[in-house]
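In case you want the letters, here they are:
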Amino acid sequence: KDAVSGAFIVLEDQYRKGDVIAIAGVQGTVEDVSLRRTVLRDLDGVVHSVPNGEVAVASNLTRGWSGINMIIGVGYGEDTDRVKEIVDSVGQEIAIDPNWREDIIEVPTVARVNEFAESSVDLRVLGRTTPHRQWAVAGEIRRRIKIAFDTEGIEIPFPHRVIISNSSEETNNSTVG
């Protein structure tokens, strides 16, 4: 079973050494592919040896291009059109930055208001990068958005909790003597 599955993996070029994939509940960088098994190293440095017969679905995160798919939350009091302009301008800035422009295939922009969440209005940001660069680009975008939001006074919310105390309880004022 492992050899037959391995043959299809290799012949169909589903993934190869250096790709970042998710198989059999494990995600990591492919270090080796043989007819019998696939060896992955995860972000913690742990090496996983997965028998190819256990690979029902192979998800390749770095084939051809990689995606930026981020949620940016802002306070309910913010103007979402203004926030969209700021986030889109950050995407444009990184796309022309000499240190990042070669990583950008499609400029990250706000695609939509994604959700009215518990503490925030969530905006979906989508874009495309060269393979393996999506995580670095997303981190740089987040850094720049934080700076831009601080400069523009845009609230990045945190969960708010309301605590209700029942003040009508009687207290026991008796003393022991």
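Our subject in this report is the structure included herewith. Here the residue numbers are simple positions, counted from 1 along each chain's written sequence. The predicted nature of this model means local features are confined to residues of pLDDT at least 70 and side-chain atom pairs, given and counted, to a pLDDT of 80 or more, with totals for whole chains, interfaces and linings taken over all residues. The basis for every side-chain value is the complete set of heavy atoms in the structure, and neither hydrogens nor water enter the calculation.

### So, unusual backbone geometry
Negative phi is the rule for most residues except glycine; trans is the rule for most peptide bonds.
And step 1. Phi is positive for Asp13, which is not a glycine, with a value near 50°.
And step 2. Mapping Asp13 onto the fold places it in the loop between helix H1 (2-11) and strand S1 (20-23).
And step 3. One non-glycine residue, His132, lies in the positive phi region at around 75°.
And step 4. Note on conventions: DSSP H or I runs of at least 4 residues are helices, E runs of at least 2 residues are strands, and numbering of each starts at the N terminus. Summarising the element assignment, His132 is placed in the loop between strand S8 (121-129) and helix H3 (134-152).

### Some remarks on H3
And step 1. The terminal C-alpha atoms of H3, which comprises 19 residues, lie 26 Å apart, in line with the 27 Å expected from a rise of 1.5 Å per residue.
And step 2. Relative accessibility thresholds used throughout: buried, under 20% of the residue-type maximum; exposed, over 50%; partly exposed, between the two (1.4 Å probe, protein chains only). Along H3, the residues that are buried comprise Gln134, Val137, Ala138, Glu140, Ile141, Arg144, Ile145, Ala148 and Phe149.
And step 3. Backbone geometry just downstream of H3 places Gly153 in the positive-phi region, at approximately 70°. What a helix is expected to span follows from its residue count: subtract one and scale by 1.5 Å.

### A closer look at the packing of aromatic side chains
And step 1. Stacked, tilted and edge-to-face are the three classes assigned to paired rings of Phe, Tyr and Trp, where Trp is represented by its six-membered ring and a pair needs centres within 6.5 Å; plane angles under 30 degrees give stacked, over 60 edge-to-face, the rest tilted. For the structure on display, the rule yields 1 aromatic pair.
And step 2. For a lysine, the NZ atom is tested; for an arginine, the CZ atom; a charge sits over a ring if that atom is within 6 Å of the ring centre and within 35 degrees of the ring normal. Across from the ring centre of Trp65, 3.8 Å away, lies the NZ or CZ of Arg128, which sits over that ring.

### Observations regarding H1
And step 1. Within H1, burial applies to Ser5, Gly6 and Ile9. For H1, the angular spread of buried residues about the axis comes to 100°, placing them on one side. The exposed residues of H1 that point more than 90 degrees off its buried face are Val4 and Leu11.
And step 2. Contacts: residue pairs with any heavy atoms within 4.5 Å of one another. Buried residues along H1 sit in contact with strand S2 (26-33).
And step 3. Among the residues trailing H1, Asp13 stands out with phi positive, at a value near 50°. Throughout, the arc means that of the directions going from the helix axis to the C-beta atoms.

### Remarks on the sheet that holds strand S3 (residues 37-41)
And step 1. Paired strands are those between which DSSP finds at least two bridges. The 5 strands are arranged S4-S3-S2-S1-S5 in an open sheet whose pairing can be described as antiparallel. Two strands close off the open sheet at either side, each with one partner strand: strand S4 (47-51) and strand S5 (58-60). The sheet shows a mean angle of 40° between the axes of neighbouring strands, taken without regard to direction.
And step 2. In this structure, S1 lies alongside S2, joined through 4 bridges in antiparallel fashion. Lines fitted to the C-alpha atoms define the axes, with helices restricted to the stretch that makes contact. Angles between their N-to-C directions range from 0 to 180 degrees.

### Here's the deal with the packing of helix H2 (residues 80-96) against H3
And step 1. Running from N to C, H2 and H3 cross one another at 135°; their axes reach a closest spacing of 10 Å. By the angle between their directions, the pair H2 and H3 is classed as oblique. Of the two possible hands of crossing, H2 and H3 adopt the one that is right-handed. Seen from H2, the contacting residues are Arg82, Val83, Ile86, Val87, Val90, Glu93 and Ile94; seen from H3, they are Val137, Glu140, Ile141, Arg144, Ile145, Ala148, Phe149 and Glu152.
And step 2. Each residue is assigned to one of three groups, with Ala, Val, Leu, Ile, Met, Phe, Trp, Tyr, Cys and Pro labelled nonpolar, Asp, Glu, Lys and Arg labelled charged, and all others, Gly among them, labelled polar. Of the residues in the contact of H2 with H3, the class split is 10 nonpolar, no polar and 5 charged. Angles below 35 degrees are treated as roughly parallel, those above 145 as roughly antiparallel, those between 65 and 115 as roughly perpendicular, and all remaining angles as oblique. Handedness of a crossing is defined here by the sense of rotation of the near helix relative to the far one, left-handed for an anticlockwise turn of less than a right angle and right-handed for a clockwise turn.

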